[in-house]
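Coordinate analysis (summary)
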Amino acid sequence: MIYLISKISKEAHKHNEHIASIAGSYFDSKVFIPHMHNPYDTAHNELEFKVFNEDLNIMKRADIAVISMPIGRDCAAEIGWFCGANKYVCVFLVYSEYVSLNDQVALLKSDWMIKGFISEVFVDNVELYKELIEDPIIGSKVTLLKDEYCV
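Before going into details, it helps to say that this report is about the structure given with it. Quick caveat: nothing in here was measured; it's all calculated off a predicted structure.

Counted according to the given criterion, the structure contains 11 aromatic pairs. Ring geometry for Tyr-26 versus Phe-92: centroids 5.9 Å apart, planes at 75 degrees, classification edge-to-face. Of this pair, Tyr-26 sits in helix α1 (residues 13–27) while Phe-92 sits in strand β4 (residues 88–93), placing them 66 residues apart in sequence. Note on Tyr-26: relative accessible area 28%, which makes it partly exposed. Residue Phe-92 is classed as buried on the basis of its relative accessible area, which comes to 0%. Centre to centre, the rings of Phe-27 and Phe-122 are 6.2 Å apart; their planes meet at 80 degrees, and the pair counts as edge-to-face. In this pair, Phe-27 is assigned in helix α1 and Phe-122 in strand β5 (residues 120–123), connecting sequence segments 95 residues apart. Residue classification places Phe-27 among the partly exposed positions, given a relative accessible area of 22%. Exposure remark for Phe-122: the relative accessible area of 1% places this residue in the buried category. Among the aromatic residues, those joined into a ring-pair cluster are Tyr-26, Phe-27, Tyr-88, Phe-92 and Phe-122.

Looking at the element boundaries, Ile-5 is found in strand β1 (residues 2–5). On a C-alpha basis, the gap between Ile-5 and Ile-71 in space is 7.8 Å, while along the polypeptide they are 66 residues apart. In contact with Ile-5, other than residues within four places in its own chain, are Ala-65, Val-66, Ile-67, Ser-68, Ile-71, Cys-75, Glu-78, Ile-79 and Phe-82.

Turning our eyes to something else, we now look at the sheet that holds strand β6 (residues 142–144). In sheet architecture, strand pairing relies on hydrogen bonds along the backbone and comes in two forms, parallel and antiparallel. The strand order β2-β1-β3-β4-β5-β6 describes an open sheet built from 6 strands, whose pairing is parallel. Where the open sheet ends on each side, the last strands, each with one partner, are β2 (31–32) and β6. Here β4 runs beside β5; their pairing, made up of 4 bridges, is parallel. By the bridge assignment, Leu-93 is partnered in β5 with Val-123. Across the sheet, helix α3 (residues 73–84) lies against β1, β3 (64–67) and β4, angled at about 145 degrees from β1, the strand it touches most.

Each value, and the rule that gives it
Residues numbered from 1 in each chain as written. Predicted model: local features only at pLDDT ≥ 70, side-chain atom pairs only at ≥ 80, totals over all residues. Heavy atoms only, no water. Phe/Tyr/Trp six-rings, centres within 6.5 Å; stacked < 30°, edge-to-face > 60°. Helix = DSSP H or I, 4+ residues; strand = E, 2+ residues; numbered from the N terminus. Buried < 20%, exposed > 50% of the residue type's maximum accessible area, 1.4 Å probe, protein only. Contact = heavy atoms within 4.5 Å. Pairing = 2+ DSSP bridges. Axes fitted to C-alpha atoms, helices over the stretch in contact; angles between N-to-C directions.

What follows is the structure in structure tokens.
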């Protein structure tokens, strides 16, 4: 199973579902999308402990974590947890009509600790691939997707 590390705010839903679709197809696996199971319309300071426990239980059962950029602080905690549990963590930086590719890349580039925890970075175009292989932290972790996974 795949756990999607993503913001749960309503504005992120369509992008999260887009990334989940690509990841599910690529890994041929079911994807747990947190906003479909959590009360995304509740302020974070009002979320109950059971929401945390439900997500943590899914994280423990997941084999793979897929990051849907952009992320928030809670997502950063999940990324660190997955890495600490020696689980595979990846990110798909792909075209999306919901979040620009430039924004996705810029946000990833700005978080050096997050980059260190990532096992693999998937990209859907050659120019971005060439750019990211020069990054001192993720450069050796970049994979160019084949066309069938690009939307």
